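Letter by letter, the chains look like this.
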Amino acid sequence: MSFYKNSVIREIHPKPLDNPTSSTVNKTPKTQMEPQEKDFPILDALSRQSITTQRQLANHAGISLGQVNYTLKSLLEKGLVKITNFTKSPRKISYIYRLTPKGLESKSALAARFVLRKLREYGDVKDQLAERLSVFENQKHYRVFFVGPSLVGELINAVIEEKKLSLMLVGQ
């Protein structure tokens, strides 16, 4: 499906290939068809409530109207979102944006990738912190004075305990 101005919906049928085994067949890269992280706010907003306008979608997703329009076209072409007519009125307000089952699956996959990436980043930060704290311990410093957000102090304490370092965090 493709989305056009004034909420007109039209089916697009791919042109059949003359010779599908030909080496000149131009395949779409898999990464182009997969949803991107930038698609998540729209997929998330559509999964949470019924949305009838792009402006409403922009407000719920927290992104610009232009970005919604651009991303929504892509999501419609990928089959992740569909537009359905919930009344027989010709007015465009009568259309509603919905996630397809494929769209819901893609949203879940994006969320999982995001969480896994953040967990890896968290692990990397903990490893870097452990390395720096080990330097203090190797230099026979046993107290680390910290001034900053308590959440960071808690992370430092957790790393000290996890790595069994002979350090004490002070100044919290």
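The preceding data block contains the structure.
Notes on the structure in this doc start here. (Residues numbered from 1 in each chain as written. Predicted model: local features only at pLDDT ≥ 70, side-chain atom pairs only at ≥ 80, totals over all residues. Heavy atoms only, no water.)

## Side note on helix H2 (residues 40-48)
Step number 1: Along H2, the positions that sit buried rather than exposed are Ile-42, Leu-43, Asp-44, Ala-45 and Leu-46.
Step number 2: Residues of H2 that are buried sit in contact with helix H3 (54-61), helix H4 (65-78), strand S3 (81-85), strand S4 (95-99) and helix H5 (101-138). (Buried < 20%, exposed > 50% of the residue type's maximum accessible area, 1.4 Å probe, protein only. Helix = DSSP H or I, 4+ residues; strand = E, 2+ residues; numbered from the N terminus. Contact = heavy atoms within 4.5 Å.)

## What about the side chain of Lys-107?
Step number 1: In this fold, Lys-107 is placed in helix H5.
Step number 2: For Lys-107, a relative accessible area of 18% gives the class buried.
Step number 3: A polar side-chain atom of Lys-107 sits 3.5 Å from a polar atom in the side chain of Asp-44.
Step number 4: Excluding its chain neighbours within four sequence positions, the residues that come into contact with Lys-107 are Phe-40, Leu-43, Asp-44 and Ser-47. (Polar contact = N/O pair within 3.5 Å; in protein donor to acceptor, adjacent residues only side chain to side chain.)

## With respect to the pattern of salt bridges
Step number 1: Across all of its chains, the model carries eight salt bridges by this definition.
Step number 2: The partner of Lys-38 in a salt bridge is Asp-39, with the nearest N and O atoms 3.2 Å apart.
Step number 3: Using a relative accessible area of 39% as the deciding quantity, one classes Lys-38 as partly exposed.
Step number 4: Glu-121 is the partner of Lys-118 in a salt bridge, and the nearest nitrogen-oxygen pair spans 3.3 Å. (Salt bridge = Lys/Arg side-chain N within 4 Å of Asp/Glu carboxyl O.)

## Some words on the packing of H2 against H3
Step number 1: In the contact formed by H2 and H3, the axes pass within 9 Å of each other and the chain directions differ by 105 degrees. Between H2 and H3, the angle falls in the class roughly perpendicular. In this structure, H2 uses Pro-41, Ile-42, Ala-45 and Leu-46 to contact H3, whose residues at the interface are Leu-57, His-60 and Ala-61. (Axes fitted to C-alpha atoms, helices over the stretch in contact; angles between N-to-C directions. Parallel < 35°, antiparallel > 145°, perpendicular 65-115°, else oblique.)

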